[in-house]
Amino acid sequence: MQILLLSMPDSFEHTPTVAVRMPNGALASLAGNLDPHHDVAIADLVLAQASVRTTVERLMHDVAPELVGLSVMTFQRSTARRIIALIRSIAPSTRVVVGGYDPSLAPDVWTHPDLGIDAIVRGEGELTFRELVRAMEHGTPLSAIPGLWYRDGTAFRRNPGRPVAAVEDGGIARPNRAARVLSGYTMLGRQVDVVETSRGCTFDCSFCSIIEMRGRNFFRFPIARVIDDIRDARDRGARSIFLVDDNITLDVDRFESLCHAIIEAGLHRIDYLVQGMTAPIASRGDALAALMRRAGFRYVFLGIENVLDEDLVFLKARAKNSRLNAAGRTNTSLAAVDVLHRHGLLVVGGLIVGSPGDRRESVSANLEFARRHVDWPYIQHPTPYPGTPMTRDFEQRGLVVNSRPDEYDGTTAVTRGEHLEPEEVEFMRWKAERWMKVRHMPTAFRHDPWFVMRHAPGMLAHTFRGTTWRSIVGLEEDRDVFQRYRAIRRRERQYLDWPDPLAPAESASALQLAQ
Ligand code: B12
Ligand code: SF4
């Protein structure tokens with residue numbers, strides 16, 4: 001069967017495509033687990049952000065897919081609907097499947113008959129998708145496939161969920177990167193790839209989708225498999241690798257074994273990025289940080305979430321960010337940052353500001369922490385993603401003030417607090433963050449001078465969207481620049497001039513664009 005797999009072009013404020021374009025790990029994993037006689041093409045549309053429509057049209061022509069699969073996050077809903085409508089207009093009989101976090105956790109929004117979706121894969125996709133393709137190929141019933149919702153005439157059938165795969169036993173084959181048909185993946189000029197070493201998490205932070213997606217569990221891929229996977233990525237040109245595990249630091253002993261295995265396999269000249277919790281990094285101290293450095297780790301995304309205890313309690317993220325000692329619980333953020341810095345590692349600081357009880361001072365304290373201690377700010381606002389405990393809480397308390405999922409991109413404040421309006425929190429974050437990003441440029445320059453030299457204007461232009469000469473010389477207020485920046489962000493979200501079948505007003509304006 002000819003199969004086309006697409007990830008959406010919508011990108012994130014803190015990973016602008018001028019500098020960061022990563023492959024979607026899910027699609028290569030799906031492709032690697034299909035029966036080998038299928039012809040699969042993977043297109044990460046973030047690589048074609050400026051030409052989404054023509055790229056999809058070309059792929060539909062070249063691949064002539066009988067089945068198209070789309071991977072979708074919540075803020076990418078509208079783009080996905082437009083792409084599906086475009087696909088349907090080109091090839092009405094092509095079957096369309098959606099998967100990923102949004103279809104898994106908000107499946108009902110994907111069953112509308114006007115959308116033309118044939119099936120929804122919920123949760124982990126490899127086995128469900130393989131069985132779906134087999135059933136389509138042989139014309140066997142879809143009713144026996146766990147994890148699948150599917151169209152049956154005018155109704156949508158809802159099969160029971162599928163238990164998570166125990167990846168230790170080799171049931172999930174390695175990703176198929178050869179199926180990718182677009183090029184241009186980059187992390188500051190170095191070709192980048194993604195590798196999974198484990199799946200799942202046993203914590204239950206209130207803002208995180210992982211628990212609803214897969215329950216509280218943790219499965220490790222065998223280290224030999226991970227090393228083969230890294231080698232495969234390296235042999236295909238990757239010089240930078242993001243370990244996309246949900247929480248690799250749940251088992252620090254194993255993480256250390258992985259670092260040793262990377263060094264022994266001679267794969268330590270790759271730049272690694274990883275995300276982790278502050279408590280284990282602080283507790284293991286110099287020994288772990290030194291080992292990570294030797295293994296090639298460069299950026300560590302720290303889930304600091306918040307430096308204030310009351311906010312950590314709200315986010316249910318206190319346990320992973322503190323350690324117990326005689327004086328009670330101490331926040332481990334600073335200790336983790338310090339130990340990483342001592343060993344030359346760079347910190348991407350994941351913080352969340354704008355919880356319901358936040359006052360101006362609490363937001364400022366977090367921004368100040370980021371300014372002083374992190375190398376690249378990754379600051380977000382609480383966002384009500386489907387199925388999280390935080391979303392239920394916000395909804396019950398009537399705190400969600402923006403119900404446009406396209407703006408659930410993490411850096412748009414969409415919930416109200418008791419003391420601060422969302423726009424005010426967003427303004428504070430935006431104003432502080434731009435200068436933190438500028439400060440990282442010399443570090444980036446020392447590592448990748450040619451890239452930074454060539455792309456610094458583009459990077460600065462992105463960071464300072466909305467700034468004009470008038471604002472630079474002080475003839476305009478920061479608030480004016482902020483409003484202009486927000487208007488630019490709204491325009492950027494229109495990734496293709498094709499109407500959204502579920503948004504008549506939006507569709508009309510998109511059609512005008514097309515004419
Ligand atoms: C790594 C990661 C990133 C990386 C992405 C790197 C990359 N290009 O892959 C970075 C750091 C850049 C990133 C950024 C963002 N992320 Co992120 N990210 C993750 C993380 C940690 C792991 C995702 C992953 O790769 N898993 C491994 C793959 C193999 O698994 P998977 O994606 O789940 O795919 C499986 C199934 O979902 C399914 N599936 C997926 N797609 C499809 C498609 C089809 C057709 C089928 C059949 C099945 C299927 O099958 C796959 C295999 O089992 C998750 C989860 C977490 N614990 O936080 C969040 C997560 C996915 N991110 C999220 C968000 C919101 C974002 C951001 C908007 C903001 C942010 N929080 O950072 C940005 C936007 C990114 C963008 N497009 O520009 C949310 C999504 C929530 C939602 N409902 O939409 C998550 C769940 C975190 C959370 N807040 O709970 N992210
Ligand atoms: S520790 Fe990380 S992966 Fe685990 S629940 Fe919290 S945010 Fe999600």
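Residues numbered from 1 in each chain as written. Chains lettered and ligands numbered in written order. Predicted model: local features only at pLDDT ≥ 70, side-chain atom pairs only at ≥ 80, totals over all residues. Heavy atoms only, no water.

Enquirer: Would you mind going over the pattern of salt bridges with me for this structure?
Expert: Side-chain pairs of opposite charge can arise where the charged atoms are in close proximity. Counted by the stated rule, this structure contains 48 salt bridges. A salt bridge links Arg190 to Asp448; the nearest nitrogen and oxygen atoms lie 2.5 Å apart. Taken together, the residues span a long stretch of sequence, with Arg190 in the loop between strand S9 (186-187) and strand S10 (192-195) and Asp448 in the loop between helix H15 (441-447) and helix H16 (449-463) at a distance of 258 residues. By relative accessible area, Asp448 is classed as buried at 10%. Ionic pairing is found between Glu433 and Arg429, a salt bridge with its closest N-O pair at 2.7 Å. Within this pair, Glu433 and its partner Arg429 are both found in helix H14 (residues 422-439), separated by four residues, close to a single helical turn. Grouping residues by exposure puts Glu433 and Arg429 together as buried. (Salt bridge = Lys/Arg side-chain N within 4 Å of Asp/Glu carboxyl O. Helix = DSSP H or I, 4+ residues; strand = E, 2+ residues; numbered from the N terminus. Buried < 20%, exposed > 50% of the residue type's maximum accessible area, 1.4 Å probe, protein only.)

Enquirer: Just checking my understanding: could you explain the sheet that holds strand S14 (residues 271-276) for this structure?
Expert: Strand pairing in a sheet takes place through backbone hydrogen bonds and is either antiparallel or parallel in direction. Across the sheet, which stays open at both edges, the six strands sit in the order S10-S13-S14-S15-S18-S19 with parallel pairing between neighbours. Either end of the sheet is taken by a strand with one partner, and the two such strands are S10 and strand S19 (376-380). Pairs of neighbouring strands in the sheet enclose a mean axial angle of 20°, with direction left out of account. Sheet strands in contact with helix H11 (residues 333-342) are strand S15 (297-305) and strand S18 (346-352), and its direction is about 175° off that of S15. (Pairing = 2+ DSSP bridges. Axes fitted to C-alpha atoms, helices over the stretch in contact; angles between N-to-C directions. Contact = heavy atoms within 4.5 Å.)

Enquirer: When you look at a nonpolar patch on the surface in this model, what are you seeing that I'm missing?
Expert: Residues Trp469, Ile472, Val473 and Leu475 make up a contiguous nonpolar surface patch of roughly 520 Å² in combined accessible area. Position of Ile472 among the secondary structure elements: in helix H17 (residues 469-472). (Patch = residues over 30% accessible without salt bridge, like charges linked within 9 Å, V, L, I, M, F, W, Y side chains within 5 Å. Areas by Shrake-Rupley, 256 points an atom, 1.4 Å probe, with all protein chains shown as cover.)

Enquirer: Is there a simple way to think about the environment of Phe445 in this case?
Expert: Tracing the backbone through its elements, the reader meets Phe445 in helix H15. Through-space distance from the C-alpha of Phe445 to that of Leu188 is 9.5 Å; in sequence the pair is 257 residues apart. In contact with Phe445, other than residues within four places in its own chain, are Val452 and Met453.

Function cannot be read off these values alone, since they describe shape.
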